[in-house]
Amino acid sequence: MEWLPVAEASQVGTRPLAVTAAGIPLVIFRPTPDADPVVFADRCPHRLMPLSAGTVEDGRLRCAYHGWEFDGSGACVTVPSQDSGPPPRASLPAGPHIKIKSGLVYVAANELPSPDPTELLTNEDPALLRAWHPVGLVSENPEKVRLMGRDYVVADERTQERWGMIWLAPEEPRTSLFEDPDLDDQNYVGAWLPPARTPVSAGIVADNFLDVAHFPFVHEKTFGAAEETVVEKYDVIAEPYGCRSIQDQWFDNPEDPGVIAGLRPVRQRRRATYVYRAPFQLMLRLEELDAGAVKTILFFAQPESATSTRIYTKMLFHGIGGVPDPSADVVAREVAFEEAVLEEDLELQYRMRVPGLPLRMRDELHVRADLLGVSLRRVLAEFKTAG
Ligand code: FES
Ligand SMILES: [Fe+2]
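Keep in mind that this is a model prediction, so the values were computed, not measured.

Chemist: Would you mind showing me how to read the UniProt feature "domain: Rieske" (unreviewed entry) in the protein here?
Modeler: In the numbering adopted here, UniProt assigns the feature "domain: Rieske" (unreviewed entry) to residues 3-107. End C-alpha atoms of residues 3-107 are separated by 5 Å, and the span's content is 0% helix alongside 38% strand.

Chemist: How should I be thinking about the packing of aromatic side chains in this particular structure?
Modeler: Working definition: an aromatic ring pair is given by the centre-to-centre distance plus the angle between the planes. Applying the stated criterion across every chain, the model contains 10 aromatic pairs. Look at W163 and W167: their rings are 5.8 Å apart centre to centre, the planes differ by 65 degrees, and that puts the pair in the edge-to-face class. Neither residue differs from the other here; W163 and W167 are each classed as buried. Through pairs of rings, three or more aromatic residues link up here, namely W163, W167, F178 and F300. When the ring centre of W163 is taken as origin, the NZ or CZ atom of R162, which lies over that ring, is 4.7 Å away. For R174, the ring lying beneath its charged end belongs to F383, and the centroid distance is 5.3 Å.

Chemist: Any chance you could explain helix α4 (residues 328-349) here in plain terms?
Modeler: Working note: α-helix, 3.6 residues per turn, so residues spaced by three or four point in the same direction. An ideal rise of 1.5 Å per residue puts 32 Å on 22 residues; α4 measures up with 31 Å between its terminal C-alpha atoms. Among the residues of α4, V330, V331, E334, V335, E338, V341, L342, E344, D345, L346, L348 and Q349 are the ones counted as buried. The inward-facing, buried residues of α4 contact β17 (189-192), β18 (196-198), α1 (202-210), α2 (215-218), β23 (294-305) and β24 (308-318).

Chemist: Help me out: how do you make sense of the coordination of the iron ion (ligand 2) in this one?
Modeler: Any two of four tetrahedral donors ideally make an angle of 109.5 degrees at the metal, while pairs among six octahedral donors ideally make 90 or 180 degrees. Taken together, H214 (NE2), H219 (NE2), D345 (OD) and D345 (OD) make up the protein donors of the iron ion (ligand 2), found 2.0 to 2.3 Å from the metal. All donors to the iron ion (ligand 2) come from one chain, and their sequence spacing reads H-x4-H-x125-D. Highlighted residues: H214 in the loop between α1 and α2 and D345 in helix α4, separated in sequence by 131 residues.

The rules behind these values
- Residues numbered from 1 in each chain as written.
- Chains lettered and ligands numbered in written order.
- Predicted model: local features only at pLDDT ≥ 70, side-chain atom pairs only at ≥ 80, totals over all residues.
- Heavy atoms only, no water.
- UniProt positions renumbered as here; feature names shortened; annotations may be inferred.
- Helix = DSSP H or I, 4+ residues; strand = E, 2+ residues; numbered from the N terminus.
- Phe/Tyr/Trp six-rings, centres within 6.5 Å; stacked < 30°, edge-to-face > 60°.
- Buried < 20%, exposed > 50% of the residue type's maximum accessible area, 1.4 Å probe, protein only.
- Lys NZ or Arg CZ within 6 Å of the ring centre and 35° of its normal.
- Expected span 1.5 Å × (residues − 1).
- Contact = heavy atoms within 4.5 Å.
- Donors = N, O, S within 2.8 Å, 3.2 Å for Na, K, Ca; no water.

This is how it looks when you write it as structure tokens:
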């Protein structure tokens, strides 16, 4: 049997370590400080997040994205988004055998895991030519822009302006921009976040935006610590090249003036309406049902190249802090908070490896909380194959 060296045994501890053998990414760690090292494919079965970005506690490896936990044998022991326990396929496939010799850890070359899936929607997929894409803020006055790995001169192309942005469609678009009811409402105060960049594909950015199960794990420092880990059952309504979902959630609202005045409990109900339109138009409308505030987040992704996506976030506010039009400092605070939230997502995205959104259902493991993500994949698969 052929053995491949992957690490020095002394460097393997309870902190998961990313290594490769014959080009295959592996994660290696000790479940407890004195235990023998264990090794698995460096890929969470859920959303393919590298497990090496996770942490080990009490003998279990916890994935950094949605907190699924695996014991030293690879068995999945916790899926926090549901109280019914992990689904049968959630466990990690057995990793290659290992041996330790002369202070080095070796893995069996003929037992390496399969490579990452390749049926993906990448940022340079030709199907994306037939769509509207954001290419810059009107205030940026872009002349030449990057889309799907190519440069476009804005003046030469099919464009339109919407939400203070320039939109460009390289070929006849399959679908239009979605309607935004808040735009016509003069009661809303709007504010932009500075556009941001991420190395992951626009499909993954969209998936992340539609995902609520990651809040307690990725957004612990901003709002996630107070979030329920269990995601209440929700429905998704299919729309042409898109979908919509209305979810009622519990959350803590310590800044509500009604809470400060003792009129309402800090634990309140919130209605979250998600709207998605292919390929990368997203909206989240958050209505605080007890406090009366409404916050809308418009979120768009520009697939610039195989390794770069630009993210545009616009926020609309109404009734924040108990007044219809929030003042400039309230808006600035809300925008700064949202930037901090986005920063947490971006930080994790730098750890992701798969260069596109998987479109084959069996390449990931979907649980109840992932209904929106499943709809996204269906819509994009349909978009990709439409004639
Ligand atoms: S728990 Fe690992 S990707 Fe979701
Ligand atoms: Fe997030």
